Amino acid sequence: MKTSAGLQDSGTTDESTAENVEADLDLAELIELHENTDWSEIPGISAAEAGAWTARLIEARETVQEGL
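Residues numbered from 1 in each chain as written. Predicted model: local features only at pLDDT ≥ 70, side-chain atom pairs only at ≥ 80, totals over all residues. Heavy atoms only, no water.

Notes on the overall build of the chain
For the chain, the helix and strand inventory stands at two helices and zero strands. Taking all 68 residues of the chain together, the buried fraction comes to 15%. Of the contacts made within the chain by residues no fewer than 6 positions apart, 51% connect residues no fewer than 24 positions apart. (Helix = DSSP H or I, 4+ residues; strand = E, 2+ residues; numbered from the N terminus. Buried < 20%, exposed > 50% of the residue type's maximum accessible area, 1.4 Å probe, protein only. Contact = heavy atoms within 4.5 Å.)

Below you can see the structure in the form of structure tokens.
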């Protein structure tokens, strides 16, 4: 079966859970790094844009956690 991202998924629950746990950990790390970035030092990125990106990352993590 193909996922919405076009990746092959065997459809087994164990595999999906393991992938979700890994995605959750990866998103947690990405969110932490994103929140710890001093966006004032990044040209062309406003604090509002960075905040919106953080909110999207948190939403993505919540979506992954719902699947666990």
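Focus on the pattern of salt bridges
One pass over the full model with this rule turns up one salt bridge. The partner of Arg61 in a salt bridge is Asp24, with the nearest N and O atoms 2.9 Å apart. Of the two residues, Arg61 is situated in helix α2 (residues 47-66) and Asp24 in helix α1 (residues 13-35); the sequence distance between them amounts to 37 residues. Owing to a relative accessible area of 29%, Arg61 belongs among the partly exposed residues under this scheme. (Salt bridge = Lys/Arg side-chain N within 4 Å of Asp/Glu carboxyl O.)

Some points on a negative patch on the surface
Among the surface-exposed residues, Glu19, Glu22, Asp26, Glu29, Glu32 and Glu35 lie close enough to one another that they form a single negatively charged patch. Tracing the chain through its elements places Glu29 in helix α1. (Patch = residues over 30% accessible without salt bridge, like charges linked within 9 Å, V, L, I, M, F, W, Y side chains within 5 Å. Areas by Shrake-Rupley, 256 points an atom, 1.4 Å probe, with all protein chains shown as cover. Lys, Arg positive; Asp, Glu negative; His and termini not counted. Charge placed at Lys NZ, Arg CZ, Asp CG, Glu CD.)

Here's the deal with the environment of Trp39
On the secondary structure map, Trp39 appears in the loop between α1 and α2. Among the residues examined, Trp39 registers a relative accessible area of 19% and is labelled buried. Note: C-alpha distance between Trp39 and Gly51 (twelve residues apart in sequence) is 9.7 Å. Residue contacts for Trp39: discarding those within four places in its chain leaves His34, Ile45, Ala50 and Trp53.

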